[in-house]
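An overview of the molecular structure
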Amino acid sequence: MVKGLLWRESSQRTLQGLSWRLLQGMMSTESAAAKAEHVAASKKKLAGKRFYEKANMRPADKGGGYEVLLDHRVLRTPAKKALRLPTPALALALAAEWEWQDRSGVRSFTMPLVRLASITIDQIPIDKEKIIASLLKYCHTDALCCRAEPGSKLADKQTRYWDPLLDWAEKELGARLIVSSSIFGANQPQHVLNALEKTLRNLNDWELAAVDSLASSSRSLVVALAVARNHLKIDQALDIIRLEEEHQIDEWGLVEGGHDIDIADLRVRISAASIFLRLLGYNTDKKL
């Protein structure tokens, strides 16, 4: 029994160390986004002073899963629902976000994992059908399928960097997304929509929340699924997403206080959703 307790304590320390390392890596970029938000909205008030000494996690008393503690208070969602996490790693990561908060105030925009977990619990069960319908609707204007005029430098870059990702999606989905240079989008055929819908319905609420966040940030369901499946690493995804903007920067130059802030913000959003999925233990080997 003593050995079992020691093993559990050792495992918890290992998971907590992993979660802290992941969060520290993300927070180094998070700080850039935090500074940018402070510049853009200097009058934005903090959510309130830090009212707790220590953030931690523990197995939930009822219903399974894990919960986050702020001192002895059990953390709840904005809708006052129980914030139960499916894995200890994710629970420790959320606790780390709360522990990282400065004494002067709690800054909600520096807690992307808490936000994703709250969305999963509060919104996904209610709005799941709307979210799936929205993702399918906007796949007609998926960034990877909307191309520049053929023969242009940008079109050549899009073909070189984006077509391999569409090739991957075709193998995974069993259907090929079409591309178009029309301003009205690509108008994906029904069999493509059916394949994408099947994929989305195979995701649980936690996975769907992350994929929806990735799709919103990247303007591409294909990119979102590729990041979720670990086919694209974070830096690779950023290169894919920012291809058009980087082309414009090459042509016209970088706007300081504009492009650099956008890059930092995008990295945080993509990193958060990717880490969220890894801490869930999402099976990246399963087919879409």
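Identification of the chain as ATP synthase mitochondrial F1 complex assembly factor 2 from Riccia fluitans is taken from an unreviewed UniProt entry. Under the UniProt heading Subcellular location (unreviewed entry), the entry covering the chain gives this text: "Mitochondrion". Of the comments in the UniProt record for the chain, the one headed Sequence similarities (unreviewed entry) reads "Belongs to the ATP12 family."

Take a positive patch on the surface next. There is a patch of like positive charges on the surface, built from Lys62, Arg76, Lys80 and Arg84. Here Arg84 lies in strand E4 (residues 84-85). Given a relative accessible area of 32%, Arg84 falls into the partly exposed group.

Another point: the pattern of salt bridges. Enumeration according to the criterion identifies 16 salt bridges in this entry. Glu67 is paired through a salt bridge with Arg58; the nearest N and O atoms lie 2.7 Å apart. Residue classification places Glu67 among the buried positions, given a relative accessible area of 7%. The exposure class assigned to Arg58 is partly exposed, which follows from its relative accessible area of 29%. A salt bridge links Glu129 to Arg201; the nearest nitrogen and oxygen atoms lie 2.8 Å apart. Placement of Glu129 in helix H4 (residues 124-138) and of Arg201 in helix H6 (residues 190-201) is noted, with a sequence separation of 72 residues between them. Owing to a relative accessible area of 47%, Glu129 belongs among the partly exposed residues under this scheme. Of the residues examined, Arg201 reaches a relative accessible area of 39% and is grouped as partly exposed. Three or more residues are tied together by salt bridges with common partners; here these are Arg58, Asp61 and Glu67.

Another point: the pairing of strand E1 (residues 55-59). As paired elements, E1 and strand E2 (residues 66-70) share 5 bridges and run antiparallel to each other. Bridging from a neighbouring strand, Asn56 pairs with Leu69 of E2. A loop of 6 residues connects E1 with E2, the two strands running antiparallel in sequence, and Gly63 in this loop sits at a positive phi of about 85 degrees.

Moving on, we come to the side chain of Ser213. As for its placement among the helices and strands, Ser213 is situated in helix H7 (residues 205-218). Beyond its immediate stretch of four places on either side in the chain, Ser213 contacts Leu116 and Ala273.

Quick look at the nonpolar core now. Counting 80 residues, the largest nonpolar core has Leu85, Leu94, Trp98, Leu165, Leu200, Val223 and Phe276 as the members making the most contacts within it. For this core, the leading source of residues is helix H11 (residues 259-280), giving 9 residues. Discounting chain neighbours no more than four positions away, the residues touching Leu94 are Val68, Leu83, Leu85, Leu113, Val114 and Ala117.

What follows concerns the packing of aromatic side chains. Any pair of aromatic rings gets described here by the distance separating the centres and the angle formed by the planes. Tallied over the full model, the rule gives 3 aromatic pairs. Between Tyr52 and Trp98, the aromatic rings sit 5.8 Å apart at their centres with planes inclined by 70 degrees, giving edge-to-face as the arrangement. You can see Tyr52 sitting in the loop between helix H1 (2-40) and E1 and its partner Trp98 sitting in helix H2 (residues 88-99), a full 46 residues away along the chain. Pair check on accessibility: Tyr52 and Trp98 agree, each one buried.

What follows is about helix H3 (residues 112-122). Because an α-helix packs 3.6 residues into every turn, residues spaced three or four apart end up facing the same way. Summarising burial for H3: 10 of the 11 residues are buried, a large majority. Pro112, Leu113, Val114, Leu116, Ala117, Ser118, Ile119, Thr120, Ile121 and Asp122 are the residues of H3 that are buried.

Parameters and conventions
Residues numbered from 1 in each chain as written. Predicted model: local features only at pLDDT ≥ 70, side-chain atom pairs only at ≥ 80, totals over all residues. Heavy atoms only, no water. UniProt positions renumbered as here; feature names shortened; annotations may be inferred. Patch = residues over 30% accessible without salt bridge, like charges linked within 9 Å, V, L, I, M, F, W, Y side chains within 5 Å. Areas by Shrake-Rupley, 256 points an atom, 1.4 Å probe, with all protein chains shown as cover. Salt bridge = Lys/Arg side-chain N within 4 Å of Asp/Glu carboxyl O. Lys, Arg positive; Asp, Glu negative; His and termini not counted. Charge placed at Lys NZ, Arg CZ, Asp CG, Glu CD. Helix = DSSP H or I, 4+ residues; strand = E, 2+ residues; numbered from the N terminus. Buried < 20%, exposed > 50% of the residue type's maximum accessible area, 1.4 Å probe, protein only. Pairing = 2+ DSSP bridges. Contact = heavy atoms within 4.5 Å. Core = buried A, V, L, I, M, F, W, Y, C linked by side-chain atoms within 4.5 Å. Phe/Tyr/Trp six-rings, centres within 6.5 Å; stacked < 30°, edge-to-face > 60°.

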